[in-house]
Amino acid sequence: MIPDYELTGPPHAPVLVLSNSLGTDRTMWDAQVPLLSRRFRVLRYDQRGHGRTPATVGPYDLDLLGRDVVDLLDHLDIDRAHFAGLSLGGMTGMWLAANVPDRIDRLALLCTSAALGPASAWRERAEFVRANGTAAMVEPTLKRWFTAELAADENVRAKYGAMIASCDDEGYASCCEAIATMDLERWLGRITAPTLVVAGYDDPATPPRHAEAIAGAVGGARLEVVEHAAHLASVERHEQVGRLLYEHFTGDDEPVSAAGTRTDGVLSGSGGTGSGTAVRRQVLGDAHVDRARERTTEFTAPFQDFITRYAWGELWASEEMDRPTRSCVTLAILAATGNHDEFAMHVRAARRNGVEAATIRQVLMHVAVYAGVPRANSAFAVADRILSEESGRGAARENDS
Ligand SMILES: O=C(O)CC1=CCC(=O)O1
């Protein structure tokens, strides 16, 4: 069967397949796609009986679920792909890497297991779902997927509750039977794909010991345990998991900033944005960069990538002009062109770069003479507000100590 799928990213980039877990659909990867599709042609599909892929009458086994991926690759004329899967998706990934190694490049196995017994519990769950439907699985499943705080969040409950309930009863039950009969442990030693294994520290469904067992048996595997995450770690710690996947699949394991220090781990090397991200963090601060990342959508991702490379990775990273001077030039241009939001952000950046308030005042006096008093007047008001906020914070800190 050819599962329903979605492709995102540059047409000629290496393909990265994302495989979903039991009870979810391919939208579980929504948070990672903007980052991953910068460098990969992301191929998300729905497991059999999940999302838009129809169910067939079960039981299923991993052979069947693995062959669905092979059929999909054949259908799209893709010889070889990277593969990341969570839970049932990871089990599918282990089957593929062991049985069709020539089709799988690098592998990431998230919150998964090679042996998730007892088989009787999975058969009972299959029977329960055939009798009561997937809607009856919503409450117990949300408790396994998320830590208590996130499981109580109304938006998360609505989105993931609906995902579980809309899963086909027969598809869900038959995938439980695939887990009951799987026997992946004997194949782990065969896996030669460079492998990343990720566990959620608080995962009650596949606790970290399952990841440790996989990482211990797959030669050269890297193990990462993500804190404050239950079974759907890719949702709960979406940014951290996105970064781990990006680093693993790009092969950029040691991102280094322009200054030679380790960056926050996002992208690096020639053509990457690692040094740009590090410089951007140094100048604009972590809070700003984290916010910009959070707000990045599929539509804005190429623009974010562009400014990270050129504004931060090239221009601000260059040593031909020191940072305080760059800040002054930037402030003058933004004030002269009336870009007040960007100007406010760069007043904070200038202070971070060591520019004194008196120097900022001189910059604005130049703006008054060379660009006009009204422009300088507005910029003075913005700068005054930010400098006052800053000195207020300083005074508050002094009072605290
Ligand atoms: O539903 C669960 O208990 C967790 C799980 C096992 C396989 C999978 O994909 O999710």
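These numbers come from a predicted model, not from an experiment.

About the criteria used
- Residues numbered from 1 in each chain as written.
- Predicted model: local features only at pLDDT ≥ 70, side-chain atom pairs only at ≥ 80, totals over all residues.
- Heavy atoms only, no water.
- Near = heavy atom within 4 Å.
- Polar contact = N/O pair within 3.5 Å; in protein donor to acceptor, adjacent residues only side chain to side chain.
- Areas by Shrake-Rupley, 256 points an atom, 1.4 Å probe, with all protein chains shown as cover.
- Nonpolar A, V, L, I, M, F, W, Y, C, P; charged D, E, K, R; others polar.
- Disulfide = S-S within 2.5 Å.
- Buried < 20%, exposed > 50% of the residue type's maximum accessible area, 1.4 Å probe, protein only.
- Pairing = 2+ DSSP bridges.
- Helix = DSSP H or I, 4+ residues; strand = E, 2+ residues; numbered from the N terminus.
- Axes fitted to C-alpha atoms, helices over the stretch in contact; angles between N-to-C directions.
- Contact = heavy atoms within 4.5 Å.
- Core = buried A, V, L, I, M, F, W, Y, C linked by side-chain atoms within 4.5 Å.
- Parallel < 35°, antiparallel > 145°, perpendicular 65-115°, else oblique.
- Left-handed = near helix turned anticlockwise from the far one by under 90°.
- Arc of directions from axis to C-beta.
- Patch = residues over 30% accessible without salt bridge, like charges linked within 9 Å, V, L, I, M, F, W, Y side chains within 5 Å.
- Salt bridge = Lys/Arg side-chain N within 4 Å of Asp/Glu carboxyl O.

Draft legend 1. Broad picture of the site of the ligand. Taken together, Ser21, Leu22, Ser87, Leu88, Trp122, Arg125, Arg144, Ile179, Ala205 and His231 are the residues near the ligand. Backbone polar atom of Leu88 to an oxygen atom of the ligand: 2.9 Å apart, as the coordinates give it. In the environment of the ligand, an oxygen atom lies 3.3 Å from a nitrogen or oxygen atom belonging to the side chain of His231. Burial of the ligand by the surrounding chains reaches 99%, relative to a free accessible area of 290 Å². Partitioned by chemical class, the residues of the shell around the ligand number five nonpolar, three polar and two charged.

Draft legend 2. Spotlight on the state of the cysteines. The tally for this structure, following the rule as stated, stands at zero disulfides. The thiol of Cys176 is not disulfide-bonded; the next cysteine sulfur, from Cys175, is found 7.4 Å away. By relative accessible area, which is 0% here, Cys176 ends up buried.

Draft legend 3. How the structure looks around the sheet that holds strand β3 (residues 41-45). Strands sit in the order β1-β3-β2-β4-β5-β6-β7 across an open sheet of seven strands; the sheet is mixed. Pairing within the sheet leaves two strands with one partner each, and these edge strands are β1 (5-8) and β7 (222-226). Within this sheet the neighbouring strands show an average axis-to-axis angle of 15 degrees, counted without direction. Inspection of the sheet shows strand β4 (residues 81-86) paired to strand β5 (residues 104-110) by five bridges, in the parallel sense. Paired with Gly85 across the two strands is Leu109, which belongs to β5. Here helix α3 (residues 88-99) sits on the sheet in contact with β2 (15-19), β3, β4 and β5, set at roughly 145 degrees to β4.

Draft legend 4. Inspection of the side chain of Ser327 at higher detail. For Ser327, the location among the structural elements is in helix α15 (residues 323-337). Judged by relative accessible area, Ser327 falls into the buried class, the value being 1%. Not counting residues up to four positions away in its chain, the partners in contact with Ser327 are Trp316, Ala349, Ala350, Asn353 and Val355.

Draft legend 5. Quick peek at the nonpolar core. Counting 88 residues, the largest nonpolar core has Met91, Met94, Phe146, Tyr160, Leu184, Ile191 and Leu245 as the members making the most contacts within it. Setting aside anything within four residues of it in sequence, one finds Ile191 in contact with Met94, Ala97, Ala98, Leu107 and Val218. Listed in part, the 19 residues of the second largest apolar core include Ala335, Ala350, Leu364 and Val382.

Draft legend 6. The packing of helix α5 (residues 138-145) against helix α7 (residues 154-165), seen in detail. In contact at an axis separation of 10 Å, α5 and α7 are set at 120 degrees when each is read in the N-to-C sense. Put simply, α5 runs oblique to α7. The two elements α5 and α7 meet at a crossing, and its hand is right-handed. Where α5 approaches α7, its residues Val138, Glu139, Thr141, Leu142 and Trp145 are matched on the opposing element by Arg157, Tyr160, Gly161, Ile164 and Ala165. Of the residues contributing to the contact of α5 with α7, the split by class is six nonpolar, two polar and two charged.

Draft legend 7. Representation of helix α9 (residues 208-217) within the structure. What α9 keeps buried is the set Pro208, His210, Ala211, Ile214 and Ala215. Down the axis of α9, the sector holding all buried residues measures 155 degrees, keeping them to one side. Across α9 from its buried face, at more than 90 degrees, point the exposed residues Arg209 and Gly216. Elements that come into contact with the buried residues of α9 comprise α3, β5, β6 (195-200) and β7.

Draft legend 8. Examining a nonpolar patch on the surface more closely. Among the surface-exposed residues, Tyr201, Leu223 and Val225 lie close enough to one another that they form a single nonpolar patch of about 270 Å² accessible area. Mapping Tyr201 onto the fold places it in the loop between β6 and α9.

Draft legend 9. Quick peek at the pattern of salt bridges. By the definition in use, this model includes 25 salt bridges. Note that Arg44 is salt-bridged to Asp30, the shortest N-O span being 2.8 Å. Placement of Arg44 in strand β3 and of Asp30 in the loop between β2 and α1 (33-36) is noted, with a sequence separation of 14 residues between them. Arg44 gets classed as buried once you look at its relative accessible area, which sits at 3%. Judged by relative accessible area, which is 36%, Asp30 ranks as partly exposed. Where salt bridges share partners, they join Asp4, Glu6, Arg26, Asp30, Arg44, Asp46 and Lys159 into one cluster.

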